[in-house]
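Residue-level listing of the chains:
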Amino acid sequence: MPQITLTPAQRKLHRADAHHLDPVVLVGGDGLSPAVKKEVDAALTAHGLIKVRVFSDDRAAREAMLQTLTDELNAAPIQHIGKLLVLWREMPEKVRAVDEDRKPGPRDVKVLKFSKRGGQRPEVKVVRVLGNQRLTPGGQVKRAKVVKKSIKKSAQ
């Protein structure tokens, strides 16, 4: 797979975003094993922007690892400083299943109760209203009534 090419401005933004990140993958003495490549791929899929720490003292070997990772995993090299490699790959959009039978969930509603005297603050009460309930203008929680269908309308 070809590696992703970024403009210098995009690379600069990703470098700024990666500043506070900790390395999520550590490459030890065995180098780039298939397990390490699999972990880097999983981290890129989950996070999009990651840091990889390489415990090798050979700069050329680290450069080769960065090139290998970007080529094989379809990622963009963002930065190589010392023993840290920063990689970026666009995250796939997550597909959420839509449940047609799902009912509305509970919600918290603030109810203001004003006093009879004008100078006092209103009393604030938080009420949890479930999906089958409604709130009356007086601040009371009522259960939703079941709408009964007319016998005449259902016969037609």
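Refer to the preceding data block for the structure.
Described in the following lines is the structure provided in the data block. Values in this document were obtained by computation on a predicted structure and should not be read as measured data.

1. Topic: the environment of histidine 14
Looking at the secondary structure, you find histidine 14 in helix α1 (residues 8–18). For histidine 14, a relative accessible area of 15% gives the class buried. Counting along the chain gives 15 residues from histidine 14 to glycine 29, while the straight-line C-alpha distance between them is 28 Å. Those residues within four positions of histidine 14 in sequence are excluded, and the remaining contacts are Leu6, Leu49, Ile78 and Trp88.

2. Re the pairing of strand β3 (residues 76–81)
Both β3 and strand β4 (residues 84–88) contribute to a ladder of five bridges, which runs antiparallel. Among the inter-strand pairings, proline 77 is bridged to a residue of β4, identified as leucine 87. Linking β3 back to β4 in an antiparallel pair, the connection comprises two residues, with glycine 82 at a positive phi of about 60°.

3. A closer look at a nonpolar patch on the surface
A surface patch of nonpolar side chains, about 320 Å² in accessible area, is lined by Leu112, Phe114 and Val124. Structurally, the position occupied by leucine 112 is in strand β5 (residues 107–113).

4. Some words on helix α2 (residues 34–47)
For α2, spanning 14 residues, the distance from its first C-alpha to its last is 20 Å, which sits close to the expected 20 Å at 1.5 Å a residue. Residues of α2 that are buried sit in contact with β1 (25–27), β2 (49–54), α3 (59–73) and β4. Just downstream of α2, glycine 48 is the residue with a positive phi angle, here 90°.

5. Regarding the packing of α2 against α3
Contact geometry for α2 and α3: axes closest at 11 Å, N-to-C directions at 60°. By the criterion of interaxial angle, the relationship of α2 to α3 is oblique. The element α2 and its partner α3 pack so that their crossing is right-handed. Contact residues: α2 offers Lys37, Val40, Asp41 and Leu44, while α3 offers Thr68, Leu69, Glu72 and Leu73. In terms of residue class, the contact of α2 with α3 is made up of four nonpolar, one polar and three charged.

Here is what the cut-offs are and how they apply
- Residues numbered from 1 in each chain as written.
- Predicted model: local features only at pLDDT ≥ 70, side-chain atom pairs only at ≥ 80, totals over all residues.
- Heavy atoms only, no water.
- Helix = DSSP H or I, 4+ residues; strand = E, 2+ residues; numbered from the N terminus.
- Buried < 20%, exposed > 50% of the residue type's maximum accessible area, 1.4 Å probe, protein only.
- Contact = heavy atoms within 4.5 Å.
- Pairing = 2+ DSSP bridges.
- Patch = residues over 30% accessible without salt bridge, like charges linked within 9 Å, V, L, I, M, F, W, Y side chains within 5 Å.
- Areas by Shrake-Rupley, 256 points an atom, 1.4 Å probe, with all protein chains shown as cover.
- Salt bridge = Lys/Arg side-chain N within 4 Å of Asp/Glu carboxyl O.
- Expected span 1.5 Å × (residues − 1).
- Axes fitted to C-alpha atoms, helices over the stretch in contact; angles between N-to-C directions.
- Parallel < 35°, antiparallel > 145°, perpendicular 65-115°, else oblique.
- Left-handed = near helix turned anticlockwise from the far one by under 90°.
- Nonpolar A, V, L, I, M, F, W, Y, C, P; charged D, E, K, R; others polar.

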